[in-house]
Amino acid sequence: MPLIEFADFSFKYLGADSLALRKVDLNIEEGEYVVLTGPSGCGKTTLCRAINGLVPQFHRGYIAGNVIVDGKNTREHNVAELAPIAGLVFQQPENQLVTLNVEREIAFGPENLGVERKEIRRRVEELIDMLDLEHLREKHPHEMSGGEQQRVAMAATLALKPKVLVADEPTSNLDPQSAVTILDLIADLNRRDMTVVLVEHRLDLVSKDASRVVLMDKGSIVADGEPREVLSMDLCQEIGVGIPKATQIYKRLKQRGFNLDKVPLTGAELATLVQEVKQR
Amino acid sequence: MIFLENVHFAYDGLYTALRGVSLQIDEGELIAIVGSNGAGKTTLVKHLNGLLRPDLGRVILDGVDTKHNSVAELAREIGLVMQNPDHQLFLDSVEREVLFGLENLGYSKVEAKERCERTLNNLGLEGLSERSPFTLSGGERKRVALASVLATEPRVLSLDEPTIGQDARQKENLAKMLGELNKKGKAVIVVTHDIEFVIENFPRTVAMADGRIVADGPTNSVLSNNEVLERCSLTRPQLTEAARCLHNVFPEVPERLTLIDDLEAVVVKILGGG
Ligand SMILES: Nc1ncnc2c1ncn2[C@@H]1O[C@H](COP(=O)(O)OP(=O)(O)OP(=O)(O)O)[C@@H](O)[C@H]1O
Ligand SMILES: Nc1ncnc2c1ncn2[C@@H]1O[C@H](COP(=O)(O)OP(=O)(O)OP(=O)(O)O)[C@@H](O)[C@H]1O
Ligand SMILES: [Mg+2]
Ligand SMILES: [Mg+2]
């Protein structure tokens, strides 16, 4: 049984004229690392909200089809029941920060789940260390920079130890170093046992970690497969999605009649592939 | 035109965010401000239009200290798009949001309407003018915040993380609009973590860390200085990384910041074409 199953799922926000999700069919197995991408407004955030039950429990509207998460139909189980399964990092991190300081923010989720105090302390200290939050420990989450807030939101979500991390553009406010650190951490947790669904426009940063890329446009899934396969499709550029520069060069070379052995996703891969062709 | 002179600032007098920042911005410049989370970039741009006032030091506009100017006065000259659009948007329709600034600046109804429509189209927001900003997607909301400021074409545009939530096409649209405004003589200052966006569009880069400006100069030299990259939590963008890796094997590939056309040309040459 897949961990997440969208079965012919459609959703229209209350008062909206058109569907935000149209007949979405999507199965995500345990252990996958799915990058979800597509043009601004195509429905990525709505899909994330549908995984943790915010759609349709909090954001109401017209709904057809079903979403089943770890065996639970999101129509029938409330957000609190789904919280330990699917941890969502909001696109706008400020909107999910609810306590008076960073330490309490990280402890808040596990406390609500009834996790033992000692274990909570351990998680808080571990996350403060991993996400470089020591200097912010006592600070009010609304009195911080955008990137600092985003790191706190990530820490607070990881503290839940969710089965699946659903992260909605989690690097959008991060400086490039922090983005690398956090993405490495996520990739590491994925290698252990955490399933990942990550929304991202900056595919140059994440596609190397992903096992799968799902491309959306206008509320529908329009491509779904291995990162190298999806990102080398012309469809990406047609709908305005930015592919990694190394992949772009691969495509340009191909047009000129030079074929590299595979589709590169990073600069280093591109260099190696060029070298291989040259040596033949 | 604008001169920040040794600006110091601490939130609530307690949390130090700027430790002596001096920066000169001339008419018609394109400047990117980059650097670590918490470095003070947002704090800095909020000083340009008086949203924050220095504890020490001065902000000088056209030779005059701005300490007696209200935010409303400064906003006529210096438009600021905030990092979080939720802090900026407050009206119940996209159109009203954009018209608000224009009408405040005294544009006639007809002219305001025309500018509003044009800006919304340029930013891929056509068809959303009747919508409430609070029902938009994150990227759409950011573009409404951008539209409301870009439509007024102030002398100085300062944009805090304008590419957040934007796909490649919207980023191109934005870059094009900024280029056109710049051709009309407007200065554009962006705060951004998007190094590719910087390399492609901004000839001057200011790098910050820990409340200070660590480097200020031509983008090429600032972003190829390893010490600056390290201190300001920056990384090399993918193309530069590719150029570096290729350089190790093919010395004819220059090891520096690269645009895609240049790197393509070099690789084609290596492979014996072109
Ligand atoms: N609360 C809402 N009420 C009505 N319409 C909404 C609401 N939230 C989003 N929408 C609309 O639903 C569509 C999908 O929005 P969604 O936020 O899922 O897009 P997205 O892919 O996450 O975009 P972005 O990359 O800009 O964040 C958009 O057309 C948007 O305008
Ligand atoms: N409202 C506030 N109250 C107290 N401290 C604040 C407040 N806003 C920001 N700070 C602190 O001031 C410093 C500079 O913050 P600023 O928002 O200017 O950083 P930034 O460079 O824009 O970072 P980011 O890249 O994360 O947006 C940080 O240490 C931050 O924690
Ligand atoms: Mg979104
Ligand atoms: Mg900032």
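Everything discussed here concerns the structure shown above.
Remember, it's a predicted structure, so these values are computed and weren't measured experimentally.

Cut-off values and rules
- Sequence order sets the numbering: in each chain, residues are counted from 1 along the sequence as written.
- Working convention: letters from A go to chains and numbers from 1 go to ligands, in the order in which they are written.
- Local features in a predicted model are, by the rule used here, given only for residues with pLDDT of at least 70; side-chain atom pairs are given and counted only at 80 or more, and totals for whole chains, interfaces and linings are based on all residues.
- For the side-chain quantities, the full set of heavy atoms in the structure was used; hydrogens and water were omitted.
- Where helices and strands are cited, they refer to DSSP runs of H or I of at least four residues and of E of at least two residues respectively, numbered from the N terminus.
- Throughout, radius of gyration means the C-alpha value; the globule benchmark is 2.2 Å times the number of residues raised to the power 0.38.
- When accessible area is computed with a 1.4 Å probe and restricted to protein chains, residues below 20% of their type maximum are described as buried, those above 50% as exposed, and intermediate ones as partly exposed.
- We call two residues contacting when some pair of their heavy atoms lies within 4.5 Å.
- Only nitrogen, oxygen and sulfur atoms qualify as donors, and only when within 2.8 Å of the metal (3.2 Å in the case of Na, K and Ca); with water excluded, sites may look incomplete.
- To be near a molecule or strand, a residue needs just one of its heavy atoms within 4 Å of it.
- Throughout this description, a polar contact denotes any pair of N or O atoms lying within 3.5 Å of each other; where both atoms belong to protein, one of them has to be capable of donating a hydrogen while the other can accept it, and for residues adjacent in sequence the pair is counted only when both atoms sit in side chains.
- Accessible surface is estimated by sampling points in the Shrake-Rupley manner with a 1.4 Å probe; for residues, cover comes only from the protein chains shown.
- Ten residue types, Ala, Val, Leu, Ile, Met, Phe, Trp, Tyr, Cys and Pro, are classed as nonpolar, four, Asp, Glu, Lys and Arg, as charged, and the remainder, Gly among them, as polar.
- What counts as a ring pair is set by centres within 6.5 Å for rings of Phe, Tyr and Trp (its six-membered ring), and what kind of pair is set by the plane angle: stacked under 30 degrees, edge-to-face over 60, tilted for all other angles.
- A ring is considered to have a charge above it if a Lys NZ or an Arg CZ atom is located within 6 Å of its centre and within 35 degrees of its normal.
- Here, any two strands with at least 2 DSSP bridges between them count as paired.
- Here an axis means a line fitted to C-alpha atoms, over the contact stretch when the element is a helix, while the angle between two N-to-C directions is reported on a 0 to 180 degree scale.
- When two parts are put together, the accessible area they lose, computed with a 1.4 Å probe and summed over both, is reported as buried area.
- Each reported salt bridge corresponds to a side-chain nitrogen of Lys or Arg within 4 Å of a carboxyl oxygen of Asp or Glu.

Novice: Which residues make up the overall build of chain A, and what values go with them?
Specialist: Of regular secondary structure, chain A possesses 12 helices and 10 strands. Compactness check: chain A gives a C-alpha radius of gyration of 20 Å against a globular reference of 19 Å for 280 residues, within 12% of the reference. The buried share of chain A, reckoned over its 280 residues, is 57%. Pairs at least 24 apart in sequence give 61% of the contacts found in chain A among residues at least 6 apart.

Novice: Quick rundown of the coordination of the magnesium ion (ligand 4)? Include the residues and the values.
Specialist: Tetrahedral coordination by four donors puts the ideal angle at the metal at 109.5 degrees, and octahedral coordination by six puts it at 90 or 180 degrees. Residues and elements named next belong to chain B. Around the magnesium ion (ligand 4), the donor atoms from the protein are T42 (OG1) and Q83 (OE1), and they sit 2.0 to 2.2 Å away. With T42 in helix 1 (residues 41–48) and Q83 in the loop between strand 6 (78–81) and helix 3 (94–104), this pair connects stretches of sequence that are 41 residues apart. Assessed through its relative accessible area of 22%, T42 is described here as partly exposed.

Novice: How would you summarise the site of ligand 2 if you had to cite specific residues and measurements?
Specialist: Near ligand 2 lie 20 residues; those nearest to it are S145 and E148 of chain A together with K41, T42 and T43 of chain B. At the site occupied by ligand 2, the surrounding residues belong to chains A and B. Residue G40 of chain B places a main-chain N or O atom 2.9 Å away from an oxygen atom belonging to ligand 2. Take T43 of chain B: an N or O atom from its side chain is 2.4 Å from an oxygen atom of ligand 2. When the free accessible area of ligand 2 is taken as 640 Å², the share hidden by the protein chains comes to 90%. Secondary-structure elements contributing two or more residues to the shell around ligand 2 are helix 6 (146–158) of chain A together with strand 2 (15–25) and helix 1 of chain B. Along the lines of polarity and charge, the residues of the shell around ligand 2 split into five nonpolar, 11 polar and four charged.

Novice: Please give an account of unusual backbone geometry that cites residues and values.
Specialist: Residue and element names in this part refer to chain A. The step from V55 to P56 runs through a cis peptide bond, and the omega angle for that step is 10°. The residue P56 is located in helix 2 (residues 54–57) in this model. The backbone of D70 sits at a positive phi, close to 50°, despite the residue not being glycine. Position of D70 relative to the elements: it lies in the loop between strand 4 (61–69) and strand 5 (72–73).

Novice: Let's hear about the site of ligand 1: which residues, and what values?
Specialist: In the vicinity of ligand 1, 21 residues are found, and the nearest of them are S40, G41 and T46 of chain A together with R131 and S137 of chain B. Each of chains A and B places residues next to ligand 1. A distance of 3.2 Å separates a nitrogen atom of ligand 1 from a polar backbone atom of T135 of chain B. Among the elements of the structure, helix 1 (44–51) of chain A together with helix 5 (138–150) of chain B are those that each provide at least two residues to the shell around ligand 1. Grouping the amino acids of the shell around ligand 1 by side-chain chemistry returns five nonpolar, 12 polar and four charged.

Novice: For helix 4 (residues 102–112) of chain A, give the residues involved together with the corresponding values.
Specialist: All names here are of chain A. Three or more residues of helix 4 are buried, namely V102, E105, I106, A107, G109 and P110. Looking at the buried side of helix 4, the elements it contacts are helix 5 (117–130) and helix 6. Of the residues flanking the start of helix 4, the one acting as N-cap is N101, its side-chain oxygen 3.0 Å from the backbone nitrogen of E103. Looking one or two places after helix 4, you find G114, whose phi comes out positive at around 75°.

Novice: Tell me what's going on with the packing of aromatic side chains, and back it up with residues and numbers.
Specialist: By the definition in use, this model includes five aromatic pairs over all chains. Pairing F90 of chain B with F100 of chain B gives two aromatic rings, centres 5.2 Å apart and planes at 90°, and the pair type is edge-to-face. In this pair, F90 of chain B sits in the loop between strand 6 and helix 3 while F100 of chain B sits in helix 3, placing the two residues 10 residues apart along the sequence. Relative accessible area serves as the criterion here: at 49%, F90 of chain B is assigned to the partly exposed category. Here K139 of chain A stacks its cationic end above the ring of Y15 of chain B, 4.2 Å away from the centre of that ring.

Novice: Account for the sheet that holds strand 10 (residues 212–218) of chain B, naming residues and giving values.
Specialist: Residue and element names in this part refer to chain B. Reading across the sheet, the six strands line up as 6-7-8-3-9-10 and stay open at both edges, with mixed pairing between neighbours. Two strands close off the open sheet at either side, each with one partner strand: strand 6 and strand 10. Averaged over all pairs of adjacent strands, the angle between their axes in this sheet comes to 15°, without regard to strand direction. Examined bridge by bridge, strand 6 and strand 7 (residues 156–160) share four bridges and lie parallel to one another. When the bridges of strand 7 are listed, V81 appears paired with L159. With respect to the sheet, helix 1 is in contact with strand 3 (30–35), strand 6, strand 7, strand 8 (187–191) and strand 9 (204–209), its orientation differing from that of strand 3 by roughly 145°.

Novice: Any details on the coordination of the magnesium ion (ligand 3)? Residues and values, ideally.
Specialist: Residues and elements named next belong to chain A. Surrounding the magnesium ion (ligand 3) are the protein donor atoms T45 (OG1) and Q91 (OE1), at 2.0 to 2.3 Å. Here T45, found in helix 1, pairs with Q91, found in the loop between strand 6 (86–89) and helix 4; they are 46 residues apart in sequence, far enough to count as distant. By relative accessible area, T45 is classed as buried at 18%.

Novice: If you had to explain the interface of chain A and chain B to someone new, which residues and values would you point to?
Specialist: Contact residues are listed per partner, giving 51 residues for chain A and 47 residues for chain B. Summed over both sides, the interface between chain A and chain B buries roughly 4000 Å², with carbon and sulfur atoms accounting for 57% of that surface. Run the count over chain A and chain B and you get five salt bridges. Between K245 of chain A and E200 of chain B there is a salt bridge, and its shortest N-O distance comes to 3.4 Å. Linking chain A with chain B are 27 residue pairs in polar contact (both at pLDDT 80 or more). Mapped by element, the contributors of at least two residues to the side of chain A that touches chain B are helix 6, helix 7 (176–192), helix 10 (234–238), helix 11 (245–255) and helix 12 (267–279) of chain A. Broken down by element, the residue count for the side of chain A that touches chain B peaks at eight residues, all from helix 12 of chain A. Of the residues contributing to the side of chain A that touches chain B, the split by class is 17 nonpolar, 20 polar and 14 charged.

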